[in-house]
Amino acid sequence: MSCPLLSLQNVSKVYANGTVALEGVNLTLHPGEFVSLVGPSGCGKSTVLRLVAGLGEVSRGSLDWHNREQERQLAFVFQDAALMPWASVLDNVHLPLKLKGKRLRPSRANLQEAINLVDLQGFEQSYPRELSGGMKMRVSIARALVTKPTFMLMDEPFGALDEMTRGRLNDDVLNLWAQKHWTVLFVTHNIYEAVYLSTRVVVMAARPGRIVDDIPINQPHPRTDEFRTSSDFNHYCREVLTALSHSETGSPA
Amino acid sequence: MVSQKSAQDSPNRSPDKLESRSEAHEVKAATWAGRKRQSKSSWKPSADWIAPVTVGIVAIILWDLGVRISGVEPYLLPGPGLVLTTLVQEFPSLFPSLLITLKITVAAFLAAVTSGLLIAILFTQSKWIERSFFPYAVILQTTPIVAIAPLIIIWLQNNTFLALVVCAWIVAFFPIVSNTTLGLNSADHSLRNLFQLYGASRWQTLLYLRLPSALPYFLGGLRISGGLALIGAVVAEFVAGTGGKRSGIAYQILMSSYNLQIPRMFAALLLTTLLGVGIFVGMTVLSDRLLSKWHESAIKREN
């Protein structure tokens, strides 16, 4: 395989109050992978994401980027869409560029492209409160798109959405991943979502947060509803489920 | 682009897309309908203001009847008709006083808004600054203004106007400081992380995130503070007036009560109250205007 994008070696994270969020985590990401982190709540999957994003320091171990340039090309999609309620869709999507000192008018074409990619044309002037949960998430994804990232960090982005909307957005993310040649690190507590999307599912356990299994999903992309209902899909889900239940009883999978 | 591509990849997805569009349009149509309804309801007579107006009219009628039937002397309690005619008669002497009070109130209010906002921003720049100075802001607020007003008036005896403004400012600035500080600190956590990720400077975070987040809180502070500035001005004028210094409407109230011109006192009181209500209404309209597009407090809903 090509040289890794990022590797975490024996990473531990201890918070100021003494909580051990992660212990001895080893994880290597290669360019173009779609890796999902699944596990019970409190297993530190979001912490891994935040450390990778640079929103916090590693307590022990090391987090190494193969190329520092790539670190700056990342974008983060939060669990709640994290939109500014006082700003229109267009202004929300503009935010990352605005913070880099780029004005609205010259970057308008770029913003429109991002908005079109998530299928929100016609809603540029709407305010977040006028949008449904799924549409807010699309705005959040459009905002991540405008910096042309190569590495996407997604923290349970579709956790609060209904099943239909979630399925639709899953396909949209997969399309963008293929189209833009992204690397994706995706946190979810939904096993089916993880298997459907990923090239690899990393299973984590809680107290202390650690990785207990790493399951490659050797299935071709693009993925369709046929895959969702195939016996292969069931087999993978079963495997992830077994790893999760083993981690809960304490014996390593 | 996505929809084209996905249509090729998986034809079964296009109806989903259509569904998502129509769902979106429904949302938009609903908000438009909501706006229309809103603008209509502000013109039609509604229970929102019929009820309080009725209560007011009934109270005035009862007051009038009470005064007539009991035959109470006007220097104890004048009837509403007498208050109104006195107001018209005395208007030339009362109105200039009201303007003086208005000037003091506005000056104190503007000083409170600017200083309150700046102090709040300073507080949120460092926890240490907030910890060190916030207790003193509280002390300034909890000290009764009647007790320190004479001192301030003596210190600034060459400039009564300034002394009164300072008194009103002390009363008015605290709600702005405490509300705005709360607002600046309550910016959404994920958004703060997002700003950090995109390398936002302290100044950018303040300008684009903290200040907009604080706006509803700031406006809430403004509403309280506007009324308090008037109260502070009136109290300070009373204190100054007992010391023989002429000033605004409160001085007129004080003099009228000394001279047992009770109807005139009521008329002056009525003017002061109207000014207070005017300030509150002005602030509420401003607040609704600024927040109408996005904040829950300014949005009318059916359920």
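Every chain is numbered on its own, with residues counted from 1 as its sequence reads. Here chains are named by letter from A upward and ligands by number from 1 upward, in the order in which they appear as written. The model is predicted, so local features are restricted to residues of pLDDT at least 70 and side-chain atom pairs to those at 80 or more, both for listing and for counting; the totals for chains, interfaces and linings are taken over all residues.

### Structural notes on the overall build of chain B
Alright, step 1. Runs of E in the DSSP output that reach at least two residues are strands. Runs of H or I that reach at least four are helices, and both are numbered from the N terminus. Counting its secondary structure elements, chain B contains 11 helices and 0 strands.
Alright, step 2. Moving toward the C terminus, one meets the helices and strands of chain B in the order α-α-α-α-α-α-α-α-α-α-α.
Alright, step 3. In chain B, which comprises 303 residues, the share counted as buried stands at 32%. Any residue surrounded by 20 or more other C-beta atoms within 10 Å of its C-beta is treated as buried, while 12 or fewer makes it exposed and the intermediate range makes it partly exposed; C-beta atoms here are placed from the backbone.

### Brief notes about the overall build of chain A
Alright, step 1. Of the regular secondary structure elements, chain A holds 9 helices and 9 strands.
Alright, step 2. Here the globule rule is a power law, 2.2 Å times the number of residues to the power 0.38, and the radius of gyration is based on C-alpha atoms. Taken over C-alpha atoms, the radius of gyration comes to 18 Å for chain A, in line with the 18 Å a tight globule of 253 residues would show.
Alright, step 3. If one aligns the C-alpha atoms of chain A with their principal axes, the spans along those axes are about 55 × 45 × 35 Å.
Alright, step 4. Residue burial in chain A is summarised as follows: out of 253 residues, 47% are buried.
Alright, step 5. In chain A, 72% of the contacts between residues at least 6 apart in sequence involve partners at least 24 apart. Once C-beta atoms are placed from the backbone, any two residues with those atoms within 7 Å are in contact.

### Brief notes about the UniProt feature "domain: ABC transmembrane type-1" (unreviewed entry) in chain B
Alright, step 1. UniProt positions are given in the numbering used here, feature names are shortened, and annotations may be inferred rather than shown by experiment. In the UniProt entry, the feature "domain: ABC transmembrane type-1" (unreviewed entry) is given for residues 98–287 of chain B.
Alright, step 2. Between the end C-alpha atoms of residues 98–287 of chain B there is a gap of 25 Å, over a span that is 88% helix and 0% strand.

### Here's the deal with the domain arrangement of chain A
All names here are of chain A.
Alright, step 1. Domain annotation for chain A reports domain 1 (1–73 + 157–253) and domain 2 (84–149).
Alright, step 2. Note: domain ranges come from an automatic or database domain assignment. Of note, the centres of domain 1 and domain 2, computed from C-alpha atoms alone, are 26 Å apart.
Alright, step 3. Each partner contributes to the interface: domain 1 provides 9 residues, whereas domain 2 provides 6 residues.
Alright, step 4. For this classification, the nonpolar set comprises Ala, Val, Leu, Ile, Met, Phe, Trp, Tyr, Cys and Pro, the charged set comprises Asp, Glu, Lys and Arg, and every other residue, Gly included, is treated as polar. Of the residues assigned to the side of domain 1 that touches domain 2, the class counts are 6 nonpolar, 2 polar and 1 charged.

### Let's talk about the pairing of strand β1 (residues 6–14) of chain A
Two faces make up the sheet, and in a regular strand the side chains alternate between them.
Residues and elements named next belong to chain A.
Alright, step 1. Strand pairing requires that DSSP identify at least two bridges connecting the strands. By the bridge criterion, 6 bridges tie β1 to strand β2 (residues 20–29) in an arrangement that is antiparallel. Of the residues in β2, the one forming a bridge with Lys13 is Leu22.
Alright, step 2. Between the antiparallel neighbours β1 and β2 lie 5 residues, among them Gly18 with a positive phi of about 95 degrees.

### Section: the sheet that holds strand β4 (residues 60–65) of chain A
Residue and element names in this part refer to chain A.
Alright, step 1. The antiparallel open sheet is built from 3 strands, whose spatial order is β2-β1-β4. Where the open sheet ends on each side, the last strands, each with one partner, are β2 and β4. Across this sheet, the average inter-strand angle for adjacent strands is 15 degrees, counted without regard to direction. The angle between two axes is taken between their N-to-C directions and runs from 0 to 180 degrees, where each axis is a line fitted to C-alpha atoms and a helix contributes only its stretch in contact.

### What to know about the pairing of strand β3 (residues 34–38) of chain A
Residues and elements named next belong to chain A.
Alright, step 1. When you tally the buried positions in β3, you get 5 out of 5 residues, the bulk of the element.
Alright, step 2. Covered by surrounding structure in β3 are Phe34, Ser36 and Val38 together with Val35 and Leu37, the residues of both alternating faces.
Alright, step 3. Here 4 bridges tie β3 to strand β7 (residues 183–187), and the two strands are oriented parallel to one another. By the bridge assignment, Leu37 is partnered in β7 with Val187.

### Some remarks on the packing of helix α5 (residues 127–142) of chain B against helix α7 (residues 160–185) of chain B
Residue and element names in this part refer to chain B.
Alright, step 1. Two elements in contact, α5 and α7, have axes separated by 9 Å at closest approach and are oriented at 140 degrees. The pairing of α5 with α7 is recorded here as oblique in orientation. Like other packed secondary-structure pairs, α5 and α7 cross with a definite hand, here left-handed. Packed against α5, whose contacting residues are Ala137, Leu140 and Gln141, the element α7 presents Ile170, Phe174 and Val177 at the interface. With respect to orientation, any angle under 35 degrees is reported as roughly parallel, any angle over 145 as roughly antiparallel, any angle of 65 to 115 as roughly perpendicular, and every other angle as oblique. A clockwise turn of the near helix away from the far one marks a right-handed crossing, whereas an anticlockwise turn of less than a right angle marks a left-handed crossing.

### A few points about α7 of chain B
Alright, step 1. Spanning 26 residues, α7 of chain B covers 38 Å between terminal C-alpha atoms, matching the ideal 38 Å at 1.5 Å per step.
Alright, step 2. Across the 26 residues of α7 of chain B, 21 count as buried, placing the element largely inside the fold. Helices are assigned an expected span. That span is 1.5 Å times one less than the residue count.

### What about the sheet that holds β7 of chain A?
Residues and elements named next belong to chain A.
Alright, step 1. Across the sheet, 6 strands lie side by side as β5-β6-β7-β3-β8-β9; this open sheet has mixed pairing. Edge strands, defined here as strands with exactly one partner in the open sheet, are β5 (74–77) and β9 (210–216). Taken pair by pair, the neighbouring strands of this sheet meet at an average axis angle of 15 degrees, ignoring direction.

### Re the environment of Pro144 of chain B
Alright, step 1. Along the chain, Pro144 of chain B falls in the loop between α5 and α6 (145–155).
Alright, step 2. With 26 residues separating them in the primary sequence, Pro144 of chain B and Ile170 of chain B have C-alpha atoms 10.0 Å apart.

### What about the nonpolar core?
Alright, step 1. Core analysis: the biggest nonpolar cluster contains 89 residues, and Val139, Ala142, Met152, Val184, Val201, Val203 and Val240 of chain A have the highest contact counts within it.
Alright, step 2. The contact partners of Ala142 of chain A, leaving out residues within four places of it in the chain, are Val93, Ala114, Ile115, Leu117, Val118 and Leu120 of chain A. We call a set of buried Ala, Val, Leu, Ile, Met, Phe, Trp, Tyr and Cys residues a nonpolar core when their C-beta atoms link them within 7 Å.

### Topic: the UniProt feature "transmembrane region" (unreviewed entry) in chain B
All names here are of chain B.
Alright, step 1. Taking the numbering used here, the UniProt-annotated feature "transmembrane region" (unreviewed entry) corresponds to residues 46–66, 94–121, 133–155, 161–182, 217–244 and 265–286.
Alright, step 2. In residues 46–66, helix accounts for 95% and strand for 0%; the two terminal C-alpha atoms are 30 Å from one another.
Alright, step 3. Secondary structure within residues 217–244 divides into 93% helix and 0% strand; the distance between the first and last C-alpha atoms comes to 40 Å.

### Digging into unusual backbone geometry
All names here are of chain A.
Alright, step 1. In this structure, Pro208 follows Arg207 across a cis peptide bond, with omega equal to -10 degrees.
Alright, step 2. Put simply, His221 and Pro222 share a cis peptide bond, and its omega is -5 degrees.
Alright, step 3. Position of Pro222 relative to the elements: it lies in the loop between β9 and α8 (225–228).
Alright, step 4. The backbone of Asp119 sits at a positive phi, close to 65 degrees, despite the residue not being glycine.
Alright, step 5. Checked against the element boundaries, Asp119 lands in the loop between α4 (104–117) and α5 (133–145).
Alright, step 6. A positive phi angle, close to 50 degrees, is found at Lys148, a residue other than glycine.
Alright, step 7. If you trace the backbone, Lys148 turns up in the loop between α5 and β6 (151–155).

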